Amino acid sequence: MDYKKAGVDISAGEEFVRLIKPHVRQTFTPQVMTDIGAFGGFFRPDFANYEQPVLVSSIDGVGTKLKIAIELGKYDTVGSCLVNHCVNDILVCGARPLFFLDYYACGKLKPEIAASVVTGMVKACRENGAALIGGETAEMPGVYDAEDFDLAGTIVGVVDQPHIINGSQIEEGDVLIGLPSTGLHTNGYSLARKVFEGRMNETFAELDGTVGEELLKVHRSYLSVIEPLLGTGDLRGMSHITGGGLMGNTMRIVPEGLTLSVDWNSWPELPIFDLIRREGSVPEEDMRRTFNLGLGLVMIVSKDRVDHLMGYLKSREENAYIAGEVVKA
């Protein structure tokens, strides 16, 4: 009996590292001090433009969206989803990303598949200006089936303390501006998979491709749109619409004594959501608590800044919608 016969192939791990090294190095910024393979990732930040720099971190996964990637044999999008999800989580706090680390666990390591996942991470890291400075790969037969894998990531970013966005300035009468999602992003997949079980290759007139292709669309990053607004004072609060839906996530930053009046008809809902609702006979309350329903990020702004911000978003060719307002509870 040896380690390989027990289910762990060290050579496969070495091959995986060989495949990803040239790609991961493409994400390195001048602040990265170590190459792939060190026991820790070294990053020397430049805080010259910050008066009171505060590090902001977040960790998340992709959830059962991975099961669709496995079923379709398409692995490059979920890596991008992971990075973009984490970027958005710190962005709504006012932070810009610095670096990212990933964790890949599987039943049987297949270097080409794992490398495809990391290629998606690399793409998103480059788009968001984040360095992929480390990761961990774990082959765990007995915990995962041979074809299964799990994915998680940690991001670290920075914000100047006076520019932290935490909702504390939100007042009655403030307005919700929603930015569109590209689909389910990375939430609600256990329900969606149940609705479309065995039907991932099915097509509907409302969709451009198959159900599976629609469900694998990349979780979008909002950094490029929001970054120019950071530090301007225009954003009183922001929420990343993930599990819990618009209300569940946005209420996390609304001060006590206030609540949200949402106009659920103020933005166009993506066809995939109505298909889930219809094909699964899903109650509306469950739809609103499980999915983003077409809005992936919500900004809360004062009423007198709405026209200015809507003009800015239009100049960026960004669709935006007045989704409701802050009212007394």
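Since we're looking at a predicted model, the values are computed, not measured.

Cut-off values and rules
Residues numbered from 1 in each chain as written. Predicted model: local features only at pLDDT ≥ 70, side-chain atom pairs only at ≥ 80, totals over all residues. Heavy atoms only, no water. Pairing = 2+ DSSP bridges. Helix = DSSP H or I, 4+ residues; strand = E, 2+ residues; numbered from the N terminus. Axes fitted to C-alpha atoms, helices over the stretch in contact; angles between N-to-C directions. Contact = heavy atoms within 4.5 Å. Salt bridge = Lys/Arg side-chain N within 4 Å of Asp/Glu carboxyl O. Buried < 20%, exposed > 50% of the residue type's maximum accessible area, 1.4 Å probe, protein only. Right-handed = clockwise from strand over helix to strand, strands pointing away.

(A) Inspection of the sheet that holds strand β8 (residues 295-301) at higher detail. Judged by pairing direction, the sheet is antiparallel, and its 5 strands sit side by side in the order β6-β8-β5-β9-β7 without closing on themselves. Only two strands of the sheet have a single neighbouring strand rather than two, namely β6 (237-240) and β7 (258-262). Neighbour-to-neighbour, the strand axes of the sheet open up by a mean angle of 25°, direction not taken into account. Here 4 bridges tie β6 to β8, and the two strands are oriented antiparallel to one another. Across the sheet, the residue bridging to His240 is Leu297, located in β8.

(B) Layout of the side chain of Asp102. On the secondary structure map, Asp102 appears in strand β2 (residues 96-106). The residues touching Asp102, leaving out its near neighbours within four places in the chain, are Met121, Leu132, Gly134, Gly135, Glu136, Ala152 and Gly153.

(C) Up close: the pattern of salt bridges. For the structure on display, the rule yields 21 salt bridges. Close ionic contact of Arg25 with Asp35 constitutes a salt bridge, the shortest N to O distance being 2.7 Å. Taken together, the positions of Arg25 in the loop between α1 (10-24) and β1 (53-61) and Asp35 in the loop between α1 and β1 put the pair 10 residues apart, joining distant regions of the chain. Given the relative accessible area of 37%, Arg25 is considered partly exposed. Close ionic contact of Arg277 with Glu269 constitutes a salt bridge, the shortest N to O distance being 2.8 Å. For Arg277, a relative accessible area of 17% translates into the label buried. Each of Arg199, Glu202, Glu206, Glu269, Asp274, Arg277, Arg278, Glu279, Glu284 and Arg288 takes part in one network of salt bridges that share partners.

(D) Focus on the pairing of strand β3 (residues 131-139). By the bridge criterion, 8 bridges tie β2 to β3 in an arrangement that is parallel. Bridge assignment links Leu101 to a residue of β3, and that residue is Gly134. The handedness of the β2 to β3 crossover, carried by helix α4 (residues 111-128), is right-handed.

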